[in-house]
Amino acid sequence: MGFNCGIVGLPNVGKSTLFNAITAAGARIANFPFTTIEPQVGVVAVPDKRLDDLAMIFKPPKVIPTTIEFVDIAGLVRNASKGEGLGNQFLAHIREVDAIAHVVRCFKNEDVIHVENDLNPRRDIEIVETELLFRDLDTIEKKLHETEKKAKSGDKKIKQEIEFYTKLKNHVGGGKPVRSYKVEETERDHFNYLHLLTNKPVMYVANVDEDGLTKENEYTQAVRKVANDEGAKVILVDAEMEAEIANMSYDEREEFLKDLGLAESGLDKVIHEGYGLLNLITFFTHNEKELRAWTVTQGTKAPRAAGKIHTDFERGFIRAEVIKYADLVKYGSEHAIREKGHFAVHGHDYVVEDGDGIFFRFNV
């Protein structure tokens, strides 16, 4: 589907355990660094209560949720940007994902080795962030050097390009991630060409023990402080527990979470936040064969959304007939919505909204 979130962090923080629980993809788990070498990809359904509600209304033969990819990337260590711990390979894998779920260990367990020999979430976060910054700085410096070679021509555009790379180099060299750099419109093409690692949106996954789910400890507080400074989200997850309940039936899992006083599993939170981190929304389609959820980025116009279903729909787009999820739940049927006047017809400029139910009209 083209949208993915990479799971990163130091070795032995619970990345592969979390990945297994999310995707049931069976990544190998062991108590030593670099268990994961090649990144593994798992496609997971996005939990969406709205789909369940619509299924109760339409009663379709088949219900198909939308999905998101999670990529289990091997652990980074100090000096990964210099090749330590297969670092060059791992950093290249991070470059391929759209967003980052940074797993941070926030529990004590003497039986599980910590690559730094003690527990310090802020330091652990800084190690990973520093390696990403070093790689970005290397990328920028190489491009700056390449561009400076062209400067002898006296081209004004080349001079402006050099000024941009120099500003960006100073920003990253000062220890600031690229995502905090304000890109001018005149710089955007050059900026996008670089594909920098610290430009990717990040969420922090604090891997805790069972007690840490209901009561924050000094470690989760440290993670939250870092996230607050960056404007990022923090999700508390007990990866070991999630791996256990992932194999339970739906009813068993709900009862287990209820006993713990939790409204939803940590995995569902990770999936939802990953979806939001990628700036994604969901629209629904329905016919006599199936009810289906589809994913597009926020701001997508109706013809492009139609193209997610089939390229012919986009090429021959005529109009989008739209009903809102809230109206369907309120009135109980498309017929009732039409009678109430809440049925809308939109053209090429309509921007799809989260929760839209859409029927596309098109010419073959």
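Scroll up for the structure.
Note that the structure is a prediction, hence the values are computed from the model and not measured.

Engineer: Which residues make up the overall build of the chain, and what values go with them?
Structural biologist: Counting secondary structure elements, the chain contains 15 helices and 12 strands. Counting only C-alpha atoms and orienting by the principal axes, one finds that the chain spans roughly 65 × 65 × 30 Å. Within the span of the chain, comprising 364 residues, buried residues form 49% of the whole. The contacts in the chain between residues at least 6 apart in sequence include a share of 69% that link residues at least 24 apart. Across the chain, 48 positive and 60 negative side-chain charges occur, with their mean positions spaced 7 Å apart.

Engineer: Can you explain the nonpolar core? Please cite residues and give values.
Structural biologist: Ile 7, Leu 18, Ile 22, Phe 70, Ile 94, Tyr 204 and Val 270 are the most contacted members of the largest nonpolar core, which totals 59 residues. With residues up to four places along the chain from it excluded, the contact list for Val 270 reads Ile 22, Phe 70, Met 203, Val 205, Ile 235 and Val 237. In this structure, Ile 140, Ile 162, Val 172 and Val 183 belong to the second largest nonpolar core, which totals 16 residues.

Engineer: Could you give an account of unusual backbone geometry, with specific residues and numbers?
Structural biologist: The phi dihedral of Asn 12 falls on the positive side, at around 65°, and the residue is not glycine. Tracing the chain through its elements places Asn 12 in the loop between β1 (4-8) and α1 (15-23). Taking the relative accessible area as the measure of exposure, Asn 12 reaches 16% and is therefore buried. You will see that Lys 59, though not glycine, has its phi angle at about 50°, which is positive. Within the fold, Lys 59 resides in the loop between α2 (49-58) and β3 (62-64). Accessibility expressed as a relative area gives 65% for Lys 59, which makes it exposed.

Engineer: Please provide a residue-by-residue account of the environment of Thr 282, values included.
Structural biologist: Mapped onto the secondary structure, Thr 282 falls in strand β8 (residues 280-286). In this structure Thr 282 comes out as buried when scored by relative accessible area, which is 1%. Through-space distance from the C-alpha of Thr 282 to that of Glu 216 is 33 Å; in sequence the pair is 66 residues apart. Apart from residues no more than four positions distant in its own chain, Thr 282 is found in contact with Asp 48, Arg 50, Thr 66, Tyr 275, Ala 293, Trp 294, Glu 353, Asp 354, Gly 355 and Asp 356. For Thr 282, the side chain forms a polar contact with the side chain of Tyr 275, separated by 2.5 Å.

Engineer: Could you give an account of the pattern of salt bridges, with specific residues and numbers?
Structural biologist: Here the structure, examined in full by the defined rule, presents 25 salt bridges. Residues Lys 225 and Asp 229 are paired through a salt bridge, measuring 3.0 Å at the closest nitrogen-oxygen approach. One end of the pair, Lys 225, and the other, Asp 229, are both in helix α8 (residues 218-230), four residues apart, so they sit about a helical turn from each other. Residue Lys 225 is classed as partly exposed on the basis of its relative accessible area of 43%.

Engineer: Kindly report on a negative patch on the surface, identifying the contributing residues and their values.
Structural biologist: A grouping of Asp 251, Glu 252, Glu 255 and Asp 259 is seen on the molecular surface, where their side chains present a negatively charged patch. Locating Glu 255 in the fold gives a position in helix α10 (residues 250-260).

Reading the values: rules and limits
Residues numbered from 1 in each chain as written. Predicted model: local features only at pLDDT ≥ 70, side-chain atom pairs only at ≥ 80, totals over all residues. Heavy atoms only, no water. Helix = DSSP H or I, 4+ residues; strand = E, 2+ residues; numbered from the N terminus. Buried < 20%, exposed > 50% of the residue type's maximum accessible area, 1.4 Å probe, protein only. Contact = heavy atoms within 4.5 Å. Lys, Arg positive; Asp, Glu negative; His and termini not counted. Charge placed at Lys NZ, Arg CZ, Asp CG, Glu CD. Core = buried A, V, L, I, M, F, W, Y, C linked by side-chain atoms within 4.5 Å. Polar contact = N/O pair within 3.5 Å; in protein donor to acceptor, adjacent residues only side chain to side chain. Salt bridge = Lys/Arg side-chain N within 4 Å of Asp/Glu carboxyl O. Patch = residues over 30% accessible without salt bridge, like charges linked within 9 Å, V, L, I, M, F, W, Y side chains within 5 Å. Areas by Shrake-Rupley, 256 points an atom, 1.4 Å probe, with all protein chains shown as cover.

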